[in-house]
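Structural description and commentary
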Amino acid sequence: MKIAIFGVGYVGLTSAACLLNDGHVVIGIDLNERKVDMMNMGESPIFEPGLDELLKAGVDDGRFSARSAIGEEMADVDVAIVCVGTPSGADGAHDMRYIAEVSHQVATAASDRAADRNPLTVVYRSTMRPGSMEKLIAPIFQRYHGDALERIELVYNPEFLRESTAIADYYAPPKIVIGTRNGKPSLMMEELYAKIEAPRFTVGYREAEITKFVDNSFHALKVAFANEIGRICIREGVSARTVHQIFVADTKLNISPYYLRPGGAFGGSCLPKDVRALTFLSNETGAETFVIDSILRSNEAHKRFIYEMAIKDVKPGARVLLNGLAFKSNSDDLRESPFVDLARRLLSGGYDLRIWDPQVEPASLLGHNLGYSFSHLPELKALLLRDIEDLEDEEPSVVIDARGDAHLLPFASLTIVPINVLA
Ligand SMILES: NC(=O)c1ccc[n+]([C@@H]2O[C@H](COP(=O)([O-])OP(=O)(O)OC[C@H]3O[C@@H](n4cnc5c(N)ncnc54)[C@H](O)[C@@H]3O)[C@@H](O)[C@H]2O)c1
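Just so you know, the residues in each chain are numbered from 1, in the order the chain's sequence is written. For a predicted model such as this one, the threshold for reporting local features is a pLDDT of at least 70, and the threshold for listing and counting side-chain atom pairs is 80 or more; totals across whole chains, interfaces and linings nevertheless cover every residue. To get the side-chain values, all heavy atoms of the structure are used, and hydrogens and water are removed first.

Details of the site of the ligand
Heads up, the condition is: Residues are labelled near a given molecule or strand when at least one of their non-hydrogen atoms is within 4 Å of it. Whenever a nitrogen or oxygen atom comes within 3.5 Å of another N or O atom, the pair is scored as a polar contact, on the condition that within protein one atom can donate a hydrogen and the other can accept it, and that pairs from neighbouring residues in sequence are kept only if both atoms are in side chains. Methods summary: accessible areas were calculated by the Shrake-Rupley approach with a probe of 1.4 Å, and residue burial reflects only the protein chains presented. Strands here are runs of E lasting at least two residues and helices are runs of H or I lasting at least four, both read from the DSSP assignment and numbered beginning at the N terminus. Residues were grouped as follows: Ala, Val, Leu, Ile, Met, Phe, Trp, Tyr, Cys and Pro as nonpolar; Asp, Glu, Lys and Arg as charged; and all remaining residues, including Gly, as polar.
Around the ligand, the surrounding shell holds 21 residues, and the nearest of these are V11, D30, K35, T86 and E163. Contact between the ligand and Y10: an oxygen atom at 3.0 Å from a main-chain N or O atom of the residue. Here a nitrogen atom of the ligand and a side-chain polar atom of Q105 are 3.1 Å apart. With the chains in place, 81% of the 840 Å² that the ligand exposes on its own is no longer accessible. Take the shell around the ligand: its biggest share by element is 3 residues, from helix α4 (residues 97-109). Partitioned by chemical class, the residues of the shell around the ligand number 9 nonpolar, 7 polar and 5 charged.

Some remarks on the packing of α4 against helix α5 (residues 132-145)
Defined as follows: Only the contacting stretch of a helix is used when fitting its axis, a line to C-alpha atoms as for every element, and angles between N-to-C directions run 0 to 180 degrees. Here roughly perpendicular refers to angles of 65 to 115 degrees, roughly parallel to angles under 35, roughly antiparallel to angles over 145, and oblique to all remaining angles. Two helices cross in a left-handed way if the nearer one is turned anticlockwise from the farther one by less than a right angle. They cross in a right-handed way if the turn is clockwise. The contact definition used throughout considers only heavy atoms, calling two residues in contact when any of these lie within 4.5 Å.
Direction vectors running N to C along α4 and α5 enclose 30°, while the axes themselves pass 9 Å from each other. Overall, the two elements α4 and α5 adopt an arrangement that is roughly parallel. In this structure, α4 meets α5 at a crossing whose hand is right-handed. Residues I99, A100, S103, H104, V106, A107 and T108 of α4 lie in contact with α5, whose contacting residues are L136, I137, I140, F141, R143, Y144 and H145. Class assignment of the residues belonging to the contact of α4 with α5 gives a composition of 9 nonpolar, 4 polar and 1 charged.

Some thoughts on the environment of D76
Following the sequence through the fold, D76 ends up in the loop between β3 (64-67) and β4 (79-82). Sequence separation between D76 and I3 is 73 residues; the distance between their C-alpha atoms is 9.2 Å. Engagement of the side chain of D76 in a polar contact is seen with the side chain of K2, the distance being 3.0 Å.

Some details on unusual backbone geometry
Rules: The classification of residues rests on relative accessible area computed with a 1.4 Å probe and restricted to protein chains. Under 20% of the type maximum is buried, over 50% is exposed, and intermediate values are partly exposed.
Backbone geometry places S164, a non-glycine residue, at a positive phi of 90°. Summarising the element assignment, S164 is placed in the loop between β6 (152-156) and α6 (166-171). Despite not being glycine, E288 has its phi angle at roughly 50°, a positive value. Under the relative-accessibility criterion, E288 is labelled exposed at 51%.

What to know about helix α2 (residues 33-40)
Short version of the rule: Arc definition: it is the arc formed by the directions from the helix axis to the C-beta atoms.
Inspection of α2 places V36, M38 and M39 among the buried residues, and these make up the whole buried set. Looking straight down α2, one finds that the buried residues subtend no more than 165° of arc, so they occupy a single side. Against the buried residues of α2 lie α1 (10-21), α3 (51-60) and β3. Where α2 begins, the capping side chain belongs to N32, and its oxygen is found 3.1 Å from the backbone nitrogen of R34. Two residues or fewer past α2, G42 is found with a positive phi of approximately 80°.

Regarding the pattern of salt bridges
Put simply, the rule reads: What counts as a salt bridge is simple: a side-chain nitrogen of Lys or Arg found within 4 Å of a carboxyl oxygen of Asp or Glu.
Counted under the stated rule, the structure contains 23 salt bridges. With its nearest N and O atoms 3.0 Å apart, the salt bridge here joins D78 to R117. One end of the pair, D78, is in the loop between β3 and β4; the other, R117, is in the loop between α4 and β5 (120-124), and 39 residues separate them in sequence. Assessed through its relative accessible area of 25%, R117 is described here as partly exposed. E361 serves as the salt-bridge partner of R386, at 3.4 Å between the closest nitrogen and oxygen. With a gap of 25 residues between them, R386 in the loop between α15 (380-383) and β11 (398-401) and E361 in the loop between β10 (352-356) and α14 (367-376) connect regions that are remote in the sequence. Given a relative accessible area of 59%, R386 falls into the exposed group. Linked by salt bridges that have partners in common, R319, D352 and R354 make up one network.

Some thoughts on the side chain of S269
Within the secondary structure, S269 sits in the loop between α9 (240-249) and α10 (271-285). The residues contacting S269, other than those within four sequence positions of it, are D333 and R335.

With respect to the nonpolar core
The line we're drawing: By nonpolar core is meant a set of buried Ala, Val, Leu, Ile, Met, Phe, Trp, Tyr and Cys residues that side-chain atoms within 4.5 Å join together.
Judged by nonpolar contacts, the single largest core of 34 residues is most densely connected at I5, L13, L19, F64 and I81. With 6 residues, α1 is the single largest residue contributor to this core. If near-sequence neighbours (up to four positions away) are discounted, I81 is found in contact with I3, A4, I5, F6, L19, V123 and R125. Among the nonpolar cores identified, the runner-up in size contains 33 residues, and I70, I137, Y156 and F160 belong to it.

Section: the packing of helix α8 (residues 205-235) against α10
Packing of α8 against α10 leaves a shortest axis separation of 10 Å and a crossing angle of 60°. Between α8 and α10, the crossing angle belongs to the class labelled oblique. Here the hand of the crossing between α8 and α10 comes out left-handed. Between α8 and α10, the contacting residues are I229, I232 and R235 on the first element and L278, L281, S282 and T285 on the second. Here the residues of the contact of α8 with α10 are counted per class, giving 4 nonpolar, 2 polar and 1 charged.

Honestly, that's just the spatial picture; any functional story needs more than this.
Below, the structure is given as structure tokens:
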């Protein structure tokens with residue numbers, strides 16, 4: 001294939017070198033003349049292990065050339081890859097000016113393309129916010145190509161390389177994510193990545209665009225969390241190294257997909273209590289743990305969000321059945337259950353609430369469980385159905401499904417709002 005790469009920095013040059021290594025012909029386009037001169041001499045303008053050799057081999061056998069602008073060569077390019085920078089703007093948002101400029105350049109250069117050539121695939125690899133492909137880039141191409149836009153395939157393909165291991169990462173990425181206009185596979189991208197084995201996701205633009213934000217924020221969160229735990233440990237005379245070893249050895253609950261699915265708020269007798277106690281400990285030791293300190297506030301915001309999602313189509317006064325009250329199914333533990341909080345909000349919002357949870361029997365609640373339900377939901381006894389059949393004459397307009405089994409309830413017409421609104 002003949003591939004043009006716009007923006008030959010860390011990402012662009014790594015892609016160029018690996019595509020050369022795979023046997024493709026590559027043109028590198030960069031505004032920086034000095035970089036262009038160096039690359040044409042087979043010298044890498046950046047240090048990245050292995051890059052020099054691959055670039056030099058491409059220059060020596062005539063498959064690589066660099067320039068500061070592209071013209072008629074675009075006529076027979078199969079794929080254009082955009083890797084320009086998206087640095088932070090003054091307000092924190094990505095500065096998208098390079099993306100806009102380069103999109104105009106690519107769209108103009110593609111105008112010379114013969115009508116009978118295969119469609120040009122333009123792949124964006126720069127990190128940019130969801131909506132950029134649809135709202136910024138596609139309209140630029142539309143302006144130049146109007147009705148002929150089907151001759152240009154726009155793809156978003158985030159890059160996951162890490163500097164210093166960039167070439168190895170190119171050939172063994174953690175995943176390949178391809179964002180297309182309709183979420184359907186791109187033949188050209190399939191061909192480009194044919195030899196690379198990695199989990200593949202072909203999705204819409206927005207899901208592909210947000211991937212890097214999510215990944216990078218999570219990686220940053222992990223570092224910040226690890227360091228906060230380290231600070232607490234050191235101040236408490238605990239070996240941070242040993243704690244780290246114990247933590248990462250748990251690949252069942254800690255380093256695993258558990259507790260990572262967007263859905264309900266956390267609750268129960270352990271998580272809120274122990275996060276609260278760690279926050280206290282941290283403040284006492286002066287560890288300044290801003291991430292840990294914000295966990296409970298974040299959870300409260302999520303409870304509010306769940307309530308708002310649950311009642312968004314239900315008018316106050318409506319009969320609402322909350323299916324499930326304990327903090328999880330097959331438990332009668334009400335302590336810090338997010339559903340007790342939800343019940344409280346529904347009552348305050350003026351809803352005619354009933355609760356169905358076969359595991360919860362008010363007369364059997366004891367100790368803290370009883371105390372918690374008494375202080376947070378004193379109306380519990382009156383709200384809780386003893387038998388689901390008790391509701392037969394006054395069917396609810398909506399069931400808020402905390403247990404996930406509302407479809408089994410014996411009502412004819414049922415509007416079920418899953419609590420797991422994000423899943
Ligand atoms: N560096 C990384 O490890 C990494 C990893 C994954 C994703 N990314 C993302 O990839 C993008 C590129 O990152 P980078 O580190 O390679 O940036 P970089 O600054 O090293 O390279 C960008 C290059 O684009 C050139 N450029 C700007 N406008 C141009 C134009 N109109 N035409 C041609 N060239 C132009 C610049 O001269 C520069 O050489 C960013 O969005 C970044 O967030 C970077």
